[in-house]
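Remarks on the overall topology
The chain contents come next:
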Amino acid sequence: MSTDTQKACAFYGAIFGWDFAAGDQEKYGGYIMATKNGSTVAGIMARQPDQVGMPDLWSVYLRTEDAKATADAIAANGGSVHVGPMDIPDQGAMLFFMDPSGAAAGAWQPGAMKGFEVAAEPGAPAWFELHAKKYDAALDFYSTVFGWHPAVLSDTPEFRYSTSGEGDSAQAGVMDAAAYLPADVPSHWEVYFSVEDTDATLEKALALGGTLIDGPQDSEFGRVAQLSDPTGAMFKIVAEATASTEH
């Protein structure tokens, strides 16, 4: 969601090598699909007039086979639905909700548009992570509503982290954020994009008006940096751990 989709397209096109195609304005509100080498990787939408005060941001949409049933389950399990469920002509159905930890996310019932078509390759989504102030409530919610099977990665007082799925089949992570998120920062989802070289991508992003928020730093999963685009939407980039040993 961006206040300046033209600037967003120029920025992400340059750092990730994305191409863009805008949908019909009347049917889809000018929603822009981003592709990498012909495969869908993300979407960009202009912030609407009734969304004044909302920050520019990346959102995570979780797949569902039945948007209406998911909306009912969200409401029955401590969440709240804020948009939808609504049909998107010829494409699918969507809703936007808040989970019991206070994090906002979407759900997508696929029609012709299935979602992103490539992952964990340079220029494509690599990982999705929920920083939850109510960690246990979040895990219970996503397990019940979306059928997750949490796998505990760490369960110490200093670091509590679980994934949806295990090992190579893991699809997202949930981190206990109660100890480090400030009172005025709500629980939230973070999106990682894969890159070939974290430092080179960061250098390009900064030259194009991006801002470094944190990092870069090495981890067992790769070299990571958090940044924001020229209008303030935050995201992370990560290069594979095998490529990070040179740094």
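All residue numbers refer to position in the chain's written sequence, counted from 1. Totals for whole chains, interfaces and linings use all residues, but because this is a predicted model, local features are given only for residues with pLDDT of at least 70 and pairs of side-chain atoms are given and counted only at 80 or more. Side-chain descriptors were evaluated using all non-hydrogen atoms of the structure, hydrogens and water having been removed beforehand.

Further remarks concern the environment of phenylalanine 116. Among the structural elements, phenylalanine 116 can be located in the loop between strand S7 (104-110) and strand S8 (125-132). Spatially, the C-alpha atom of phenylalanine 116 lies 6.3 Å from that of alanine 42, the residues being 74 residues apart in sequence. Here, two residues are considered to be in contact whenever any of their heavy atoms come within 4.5 Å of each other. Ignoring anything within four residues of it in the chain, the contact list for phenylalanine 116 reads Thr40, Val41, Pro125 and Phe128. The helix count covers DSSP runs of H or I at least four residues long, the strand count covers runs of E at least two residues long, and both are numbered beginning at the N terminus.

Here the focus is the pairing of strand S3 (residues 39-44). When you tally the buried positions in S3, you get 5 out of 6 residues, the bulk of the element. Any two strands are treated as partners once DSSP identifies two or more bridges connecting them. Sheet analysis places strand S2 (residues 32-36) next to S3, joined by 5 bridges and oriented antiparallel. When the bridges of S3 are listed, isoleucine 32 appears paired with isoleucine 44. The antiparallel pairing of S2 with S3 creates a hairpin that spans 2 residues between the two strands, and asparagine 37 there sits at a positive phi of about 55°. Exposure is judged per residue with a 1.4 Å probe applied to protein chains only, and the accessible area is read against the type maximum: over 50% gives exposed, under 20% gives buried, and values in between give partly exposed.

Our focus in this paragraph is the packing of aromatic side chains. Two rings from Phe, Tyr or Trp (for Trp, the six-membered ring) form a pair when their centres are within 6.5 Å of each other. A pair whose planes differ by under 30 degrees is stacked, one over 60 is edge-to-face, and the rest are tilted. For the coordinates displayed, the defined rule picks out 24 aromatic pairs. Judged by centre distance (5.3 Å) and plane angle (85°), the rings of tyrosine 12 and tryptophan 58 are edge-to-face. Here tyrosine 12 is found in helix H1 (residues 5-16), whereas its partner tryptophan 58 is found in the loop between S3 and strand S4 (61-63), with 46 residues between them in sequence. Residue class for tyrosine 12 comes out buried when judged on its relative accessible area of 1%.

If you trace the 4 strands from one edge of the open sheet to the other, you get S4-S7-S6-S5, paired in mixed fashion. Edge positions in the sheet fall to S4 and strand S5 (80-88), since each has one partner strand and no second. Across the sheet, the axes of successive neighbouring strands diverge by a mean angle of 20°, strand direction being ignored. Bridge analysis of S4 against S7 gives 3 bridges, and the strand direction is parallel. Residue arginine 63 lies in a different strand from S7, and its bridge partner there is tryptophan 108. A fitted line through C-alpha atoms represents every axis, and for helices the fit uses only the stretch in contact; the resulting angles, taken between N-to-C directions, go from 0 to 180 degrees. Against the sheet, helix H3 (residues 67-76) touches S5, strand S6 (92-98) and S7, its axis set at about 175° to S5.

Let us look at the sheet that holds strand S14 (residues 222-228). The pairing of strands in a sheet comes from backbone hydrogen bonds and takes either a parallel or an antiparallel form. Taken together, 8 strands build an open sheet; the order of strands is S9-S10-S11-S8-S12-S15-S14-S13 and the sheet is mixed. The outermost strands of the open sheet, each flanked by one partner alone, are strand S9 (150-156) and strand S13 (211-219). Ignoring which end each strand starts from, the neighbouring axes of this sheet average 20° apart. Both strand S12 (residues 188-194) and strand S15 (residues 234-240) contribute to a ladder of 3 bridges, which runs parallel. Counterpart to tyrosine 192 in the pairing with S15 is lysine 236. Along the sheet face, H1 touches S12 and S15 and points at about 10° away from the line of S15.

A separate point is unusual backbone geometry. Along the chain, glycine 84 connects to proline 85 via a cis peptide bond; the corresponding omega equals 5°. Mapped onto the secondary structure, proline 85 falls in strand S5. Of note, the amide linkage connecting glycine 215 to proline 216 takes the cis form, showing an omega dihedral of 0°. Residue position: proline 216 is located in strand S13. Phi is positive for aspartate 90, which is not a glycine, with a value near 70°. For aspartate 90, a relative accessible area of 55% puts it in the exposed group. Phi angles above zero are rare outside glycine, and alanine 120 is one such case at about 60°. In this fold, alanine 120 is placed in the loop between S7 and S8. On the accessibility criterion, alanine 120 (45% relative accessible area) is partly exposed.

Purely geometric numbers; function is a separate question.
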